[in-house]
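Commentary on secondary and tertiary structure
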Amino acid sequence: ASSWAVSLVCDGVIAGVGSIVSFFPQILLLFLFLSILEDSGYMARAAFIMDKLLHKTGLSGRSFVPMLMGFGCSVPGVMAARTLENERDRRMTIMLTPFMSCSAKMPVYALFIAAFFPKYKGLVVFGLYALGLVVAILCAMILKRTVLKGGHAPFVMELPPYRLPTVKTLWMHLYERVKDFAVRAGTILLGASIVIWFLRSFSFAGGFHMLTADQAGDSLLASAGKLIAPLFIPLGFGFWQASVALVAGLVAKEAVVGTLSILYNNATDAAMYAALQSVFTPAAALSFLVFVLLYMPCVAAFSAIRREMNSWKWAVGTVAFQTGVAWVVSF
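Described in the following lines is the structure provided in the data block. Everything quoted here is computed from the prediction, not taken from an experiment. Here the residue numbers are simple positions, counted from 1 along each chain's written sequence. Per-residue local features of the predicted model are confined to residues with pLDDT of at least 70, and side-chain atom pairs are confined, for both listing and counting, to 80 or more; whole-chain, interface and lining totals are unaffected and use all residues. Note that water and hydrogens are dropped before the side-chain values are worked out from all heavy atoms of the structure.

Things to note about the packing of aromatic side chains
- Side-chain rings of Phe, Tyr and Trp (the six-membered ring for Trp) are treated as a pair once their centres are within 6.5 Å; stacked means planes under 30 degrees apart, edge-to-face means over 60, and tilted covers the remaining angles. Considering all chains together, one arrives at 16 aromatic pairs under this definition.
- With a centroid separation of 5.1 Å and 85° between ring planes, the pair formed by Phe237 and Phe288 is classed as edge-to-face. With Phe237 in the loop between helix H11 (220-228) and helix H12 (240-248) and Phe288 in helix H15 (residues 282-294), this residue pair connects regions lying 51 residues apart in the sequence. The pair Phe237 / Phe288 is uniform in exposure class, with both members buried.
- When the NZ atom of lysine or the CZ atom of arginine is within 6 Å of a ring's centre and also within 35 degrees of its normal, the charge is said to sit over that ring. Just above the ring of Tyr162 sits the side chain of Arg45; from NZ or CZ to the centre is 4.0 Å.
- The ring of Tyr295 carries Lys253 above its face, with NZ or CZ at 4.4 Å from the centroid. Here a helix means four or more residues in a row that DSSP labels H or I, a strand means two or more in a row labelled E, and each is numbered from the N terminus. When a residue's accessible area, from a 1.4 Å probe over protein chains only, is under 20% of the maximum for its type it is buried; when over 50% it is exposed; and in between it is partly exposed.

Looking at the pattern of salt bridges
- The term salt bridge refers to a pairing of a side-chain nitrogen on Lys or Arg with a carboxyl oxygen on Asp or Glu at a separation within 4 Å. Inspection of the entire model under this criterion finds 3 salt bridges.
- Note that Glu87 and Arg90 form a salt bridge whose closest N and O atoms lie 2.6 Å from each other. Of this pair, Glu87 and Arg90 are both found in helix H6 (residues 87-96), 3 residues apart, which corresponds to roughly one turn of the helix.
- Among the salt bridges present, the one from Arg88 reaches Asp89, with a minimum N-O distance of 2.6 Å. Exposure class is identical for Arg88 and Asp89. Each is buried.
- A network of salt bridges, in which partner residues are shared, links Glu87, Arg90 and Arg91.

Regarding helix H9 (residues 167-186)
- Expected span, for any helix, means 1.5 Å times one less than how many residues it has. With 20 residues, H9 extends 28 Å between its outermost C-alpha atoms, agreeing within 8% with the 28 Å of an ideal straight helix rising 1.5 Å per residue.
- Leu170, Leu174, Phe181, Arg184 and Ala185 are the residues of H9 that are buried. Projected onto a plane normal to the axis of H9, the buried residues spread over an arc of 100° and lie on a single side. Within H9, the exposed residues directed more than 90 degrees away from the buried face are Lys168 and Trp171. In this description, one arc is meant: the one made by directions from the helix axis to the C-beta atoms.

As structure tokens, this is what we get:
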């Protein structure tokens, strides 16, 4: 086969999609335990218990369920906010749900934590999950005093009986998640990996020609990344590879890992860790993780936000607010 075809399969498809599929077991476990909580009837009770605390921050107890679902995926979390009758509570919940650490961000955490914080894996992951909650609470307190002033709707919810989750229902939930992940990996992420490989492998200089790993800085992708890289200099990762990875993350957060793997042309974990350690300091790596945690969600989640808010102005304002918060907290 020609060199470009070999590079497409090895450096594009396998490096991009393969690096994401390897983190699938962690994502599966996360959805398993969320399904157990949901099927047991505990979710409604958790919302009732959290109502008093959430009222102090400006949220409703009903907001707890969409935000908890946001730990699995922001899209169903945002869609679940439609159960809130009060327009103010609904908008605030939609604006804050993407701050929860969705499963798509787990591959990014796993990669950077293994490279920079191998002795403190659990602590760093827990810290990121907790930080998302803390930032959401602080933002709720700011929003209720500024753009989302108003009263609360009374909390009324029917509590379903406790029941033991059945293997059949758990299997159905997991099957849907596995199917969704496989479809995303085989369509959106595969397409994104091929596009990123193409833009990384060709340049404007002298027409289109294959670039070696050392020449990647002259690629089409690097040219675009260098335009926005200065925005991230105060955050510690003002180089084009990080900028491009964050832009790719707008397609799907897992694409951050696939993009970095393609850009650094590394097939093994050890080589990938070494490449990251050569450009990130531990502090910059932590700053990058915080930015990935908080900046605007993927295109699918943005579409859900626009649909649920029924307003382009509110949807664009929401993602601008989230990205601004991400920059400030990372800094």
